[in-house]
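The residues making up each chain are set out below.
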There are 2 protein chains.
Amino acid sequence: MRIIAPASSANLGPGYDVLSVALDGIYDVVDVNVEEGSGISIDVRGRYAEGVPEDPERNSAGIAAAELIRAAGVNVHVHISLRKEIPPSSGLGSSGAGAAGVVYALNRILGLGMDNRSLVEFAGRGERAAAGTAHYDNVTASLLGWFNVVRPEVPPSVVNLRPPRGARISFALAVPIGPRRRGKTKLARELVPHEAPMDLAVWNTASVAMIVSGILMGDVGLLGAGMVDRIVEPARSKMIPGYAKAREAALSAGALGVTISGAGPSMIAVAQNDAVSRKVADAMASAMEEEGTRAIRLISRPGPGCREDKLQGF
Amino acid sequence: MRIIAPASSANLGPGYDVLSVALDGIYDVVDVNVEEGSGISIDVRGRYAEGVPEDPERNSAGIAAAELIRAAGVNVHVHISLRKEIPPSSGLGSSGAGAAGVVYALNRILGLGMDNRSLVEFAGRGERAAAGTAHYDNVTASLLGWFNVVRPEVPPSVVNLRPPRGARISFALAVPIGPRRRGKTKLARELVPHEAPMDLAVWNTASVAMIVSGILMGDVGLLGAGMVDRIVEPARSKMIPGYAKAREAALSAGALGVTISGAGPSMIAVAQNDAVSRKVADAMASAMEEEGTRAIRLISRPGPGCREDKLQGF
């Protein structure tokens with residue numbers, strides 16, 4: 001079974017470990033085949049294959065698959081073929097997409113009938129290997145699509161949020177290219193303060209409430225106004241060369257909100273339409289390049305989650 | 001001009017200083033008359049008039065009126081007649097309702113054309129006198145009705161949230177009666193921790209996102225599931241005799257979520273309909289009474305904000 005597993009952006013600023021969005025048009029292709037026997041094998045190819053482990057015990061998709069088939073009590077061999085088209089270690093949920101794709105496929109192939117909370121939990125266990133702790137935001141977006149709220153408990157509470165039809169929401173991304181940093185997500189998590197002053201916690205809570213309201217009311221201005229994180233972003237943005245300049249440039253180019261995508265170093269901004277997003281992505285990437293970091297420009301709308309590739313075989 | 005100014009419940013658990021709801025059918029009646037001259041005069045009557053200051057410099061409605069007419073640069077005498085039907089110092093936004101009613105009336109009488117953010121800001125300045133800090137949650141609900149998100153900045157960001165038509169949301173309240181405690185809100189604020197551990201901040205943020213989703217998607221179960229506060233409630237609930245028992249009793253009686261209303265000591269629970277709410281209010285109040293505190297039982301739906309009393313004169 002061939003699955004399209006979309007990239008995702010976690011946090012959206014103040015929603016650290018809580019909010020995420022699936023990015024349409026940026027995805028890995030995950031082939032999952034179940035055979036007689038036991039064990040898991042993985043091959044990795046595609047534009048961003050380099051450095052992604054094929055050892056199933058070190059690959060998020062392999063770990064998620066192992067956890068799921070053990071819990072389901074089935075004895076099969078699972079072969080996973082990942083075509084990596086999402087740049088790893090960039091804050092776009094690359095490892096989460098693979099785990100999501102495999103869990104989604106196995107649930108269908110084996111007829112397990114698992115609900116969304118369980119799928120998110122198993123995919124999250126795969127992600128844990130990459131990030132050091134189980135956080136479910138990226139895998140939830142890859143699995144369910146659109147926007148999501150996750151409350152970290154076991155199993156996690158998950159709310160899938162769909163903007164009203166006709167809502168205009170476009171994202172601009174700037175993805176720095178450079179030497180891959182192993183353990184980047186773990187390092188980025190270590191920068192998060194252990195405690196938050198109450199006034200900043202209140203600010204962030206209100207901001208997340210504004211984002212959720214903006215999504216469900218189809219108000220992209222409100223969504224953007226909520227994307228101001230006063231707890232995690234101030235600590236993490238220091239890791240990103242040219243962050244402050246890129247942020248200003250994005251707002252000058254028409255962005256309604258700007259923040260770090262996931263654990264970074266990519267930046268994400270929201271705008272009213274794709275034409276503005278293109279300018280915003282270029283403004284952010286140019287600002288990064290002035291600081292000596294080359295960056296890819298991407299634009300994306302919110303989109304659906306994992307799904308079977310209907311064109312397989314053509 | 002005679003204004004109906006509804007009671008309100010702030011926080012809804014994790015939304016400390018962020019979320020609020022207007023309570024239908026529980027309200028103060030605020031008569032505001034503008035005459036030649038200058039200064040402000042207040043008289044207070046009604047069931048809960050006792051102890052409410054008539055000194056305009058010590059009354060939230062008087063302070064809000066003074067701030068507003070000074071900012072508007074008009075020279076008039078304002079007479080305010082408050083009929084207090086909301087029990088003061090109980091966590092139902094009693095002082096906020098008066099301030100909201102006066103600001104709402106003066107904006108109309110004087111034709112100031114103020115927007116919601118400005119109205120909330122002026123009403124909040126009145127509230128500050130009662131609580132020690134400017135917090136806008138109660139006044140926003142009294143002014144705008146239904147559910148609200150407030151982000152504390154100057155002027156505050158305000159999002160008015162209306163559940164979809166046909167959504168079934170009913171609140172149960174238990175309001176302890178006892179000797180009035182002056183400075184209760186200030187004391188309750190002092191119990192709030194200055195810092196929140198990050199994992200609890202994440203939990204509360206996710207919970208608020210669930211509440212906002214529940215409101216806008218018309219899912220009262222989701223709203224109730226979000227009403228779990230891991231930061232403020234654990235500290236404040238110790239002030240309320242029989243809190244833990246009352247909480248358990250409410251859930252056993254069918255409540256979908258339970259928490260402290262505002263700064264307390266009232267408790268608020270949410271249920272699917274008024275019949276369940278009646279049982280829940282009784283269960284909470286009975287549990288409080290077993291601890292020796294008499295309590296009023298109330299039920300309410302979310303309702304509209306300040307409005308002119310059309311029956312005036314009949």
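Residues numbered from 1 in each chain as written. Chains lettered and ligands numbered in written order. Predicted model: local features only at pLDDT ≥ 70, side-chain atom pairs only at ≥ 80, totals over all residues. Heavy atoms only, no water.

Draft legend 1. Quick peek at the pairing of strand β9 (residues 257-260) of chain B. Residues and elements named next belong to chain B. As judged from the 4 bridges shared by β9 and strand β10 (residues 267-271), these two strands associate in the antiparallel manner. Across the sheet, residue G257 finds its bridge partner in β10, namely V270. As consecutive antiparallel partners, β9 and β10 are separated by 6 residues, and within that stretch G262 has a phi angle of approximately 55°, a positive value. (Pairing = 2+ DSSP bridges. Helix = DSSP H or I, 4+ residues; strand = E, 2+ residues; numbered from the N terminus.)

Draft legend 2. Broad picture of the relation of the copies chain A and chain B. Mapping chain A onto chain B calls for a rotation angle of 180° and an axial translation of 0.0 Å; the resulting RMSD is 0.0 Å. Considering both components of the superposition, the chain copies are consistent with a two-fold axis. Mapped onto chain B, 100% of the interface residues of chain A again fall at the interface, so both copies present the same surface. (Least-squares fit on C-alpha atoms with pLDDT ≥ 70 in both. Contact = heavy atoms within 4.5 Å.)

Draft legend 3. Quick peek at the interface of chain A and chain B. With 38 residues of chain A at the interface, the matching set in chain B holds 38 residues. Summing the contributions of chain A and of chain B, the shared interface buries around 2,900 Å²; its carbon and sulfur component is 76%. Linking chain A with chain B are 0 salt bridges, by the criterion used here. Put simply, chain A and chain B have 7 residue pairs in polar contact (both at pLDDT 80 or more) between them. Taken together, the elements giving at least two residues each to the side of chain A that touches chain B come down to β5 (147-151), β6 (157-161), β8 (195-197), α6 (198-217) and α7 (220-226) of chain A. The dominant element in the side of chain A that touches chain B, judged by the number of residues it contributes, is α6 of chain A, at 13 residues. Residues that form the side of chain A that touches chain B fall into these classes: 27 nonpolar, 7 polar and 4 charged. The pairing of β8 of chain A with strand β8 (residues 195-197) of chain B spans 3 bridges and is antiparallel. Among the inter-strand pairings, A196 of chain A is bridged to a residue of β8 of chain B, identified as A196 of chain B. (Buried area = accessible area lost by both parts, 1.4 Å probe. Salt bridge = Lys/Arg side-chain N within 4 Å of Asp/Glu carboxyl O. Polar contact = N/O pair within 3.5 Å; in protein donor to acceptor, adjacent residues only side chain to side chain. Nonpolar A, V, L, I, M, F, W, Y, C, P; charged D, E, K, R; others polar.)

Draft legend 4. Spatial organisation of the domain arrangement of chain A. Residues and elements named next belong to chain A. One can read the domain layout of chain A as domain 1 (2-162) and domain 2 (170-300). Computed from C-alpha atoms alone, the centre-to-centre distance between domain 1 and domain 2 is 23 Å. Taken together, the contact between domain 1 and domain 2 spans 32 residues of the former and 37 residues of the latter. Taken as a group, L12, P14 and Y16 account for 22% of the area that domain 1 buries against domain 2, more than any other trio of residues on that side. (Domains from an automatic or database assignment.)

Draft legend 5. Structural detail: the side chain of E127 of chain A. Residue and element names in this part refer to chain A. Considering the arrangement of structural elements, one finds E127 in helix α3 (residues 116-131). In this structure E127 is buried but unpaired, with R189 as the nearest side chain of opposite charge at 7.6 Å. There is a polar contact of 2.4 Å between the side chain of E127 and the side chain of S95. Discounting residues that sit within four places of it in the chain, E127 has contacts with S60, S95, G96, H135, N138 and V139. (Buried < 20%, exposed > 50% of the residue type's maximum accessible area, 1.4 Å probe, protein only. Lys, Arg positive; Asp, Glu negative; His and termini not counted.)

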